[in-house]
Amino acid sequence: MAYSKILRRLREEKTNYKKRGTMLMGKHDFITVNITNENTQVQILKPGMEGDKVVASAHSRYLLEKGWKGSRKSVPAAYLTGYLAGKKALGKGAKDAILYTGTRRYTQRMAAALKGVVDAGVQVPVNEETFPPEDRINGEHLTVKNEVSKMKSTIDSEVK
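Nothing here was measured: the structure is a model prediction, and the numbers come from that model.

## Concerning the packing of helix H4 (residues 75–91) against helix H5 (residues 108–120)
Stage number 1. In contact at an axis separation of 6 Å, H4 and H5 are set at 35° when each is read in the N-to-C sense. Relative to H5, the crossing made by H4 is right-handed. On H5, the residues that touch Val75, Ala78, Tyr79, Gly82, Tyr83, Gly86, Lys87 and Leu90 of H4 are Arg109, Ala112, Ala113, Lys115, Gly116, Val117, Asp119 and Ala120.
Stage number 2. By residue class, the composition of the contact of H4 with H5 is 9 nonpolar, 3 polar and 4 charged.

Laid out in structure tokens, this is it:
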């Protein structure tokens, strides 16, 4: 009986190679959203044969520097992190992208980050109905209130 080696990232359930192959054939930039136990990270990448190149990246630790109080993995924090990544990507010349979830599920926080990228001006093919409602994006459901519109204006003034 012959032994066939299974790829490590497939074995660890980190990469869906069928989904990644179809994404690479499209030759579009792609967006990844990673939500950990404490933070949110949004990256916009350009695919390549020798590896993916990061066009723009944003991390929710940036919000702490600007006076953010509360969770950095909440829906408003994910939205602002996506908005920051989208503004950085527009500054680097990225016009359109697609969302690549890999093996992760599409959650409300991921949708909020994607809405931030779309609101920044990056063209993403997405159904508007999948986005969270405006009151959740503004953080009205949270006990610690933050001014999302004030943070957006701060991002607009700093990131060109």
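Picking up after the structure, the text goes on.
## Focus on the packing of aromatic side chains
Stage number 1. For the structure shown, the criterion picks out 2 aromatic pairs.
Stage number 2. Judged by centre distance (5.7 Å) and plane angle (80°), the ring pair of Phe30 and Tyr100 falls under edge-to-face. In this pair, Phe30 is assigned in strand E1 (residues 29–35) and Tyr100 in the loop between strand E4 (97–99) and H5, connecting sequence segments 70 residues apart.
Stage number 3. Centroid distance Tyr79 to Tyr83: 6.3 Å. Interplanar angle 25°. Geometry classified as stacked. Of this pair, Tyr79 and Tyr83 are both found in helix H4, 4 residues apart, which corresponds to roughly one turn of the helix. Comparing Tyr79 with Tyr83 shows no difference in burial state: the two are buried.

## Examining helix H7 (residues 148–158)
Stage number 1. Along H7, the positions that sit buried rather than exposed are Val148, Met151 and Ile155. Buried residues in H7, looked at end-on, bunch into an arc of 60°, giving them a common side. Residues of H7 that are exposed and point more than 90 degrees away from the buried face comprise Ser149 and Lys150.
Stage number 2. Buried residues along H7 sit against helix H3 (61–65), H4 and helix H6 (134–137).

So, how was this worked out
Residues numbered from 1 in each chain as written. Predicted model: local features only at pLDDT ≥ 70, side-chain atom pairs only at ≥ 80, totals over all residues. Heavy atoms only, no water. Axes fitted to C-alpha atoms, helices over the stretch in contact; angles between N-to-C directions. Helix = DSSP H or I, 4+ residues; strand = E, 2+ residues; numbered from the N terminus. Left-handed = near helix turned anticlockwise from the far one by under 90°. Contact = heavy atoms within 4.5 Å. Nonpolar A, V, L, I, M, F, W, Y, C, P; charged D, E, K, R; others polar. Phe/Tyr/Trp six-rings, centres within 6.5 Å; stacked < 30°, edge-to-face > 60°. Buried < 20%, exposed > 50% of the residue type's maximum accessible area, 1.4 Å probe, protein only. Arc of directions from axis to C-beta.

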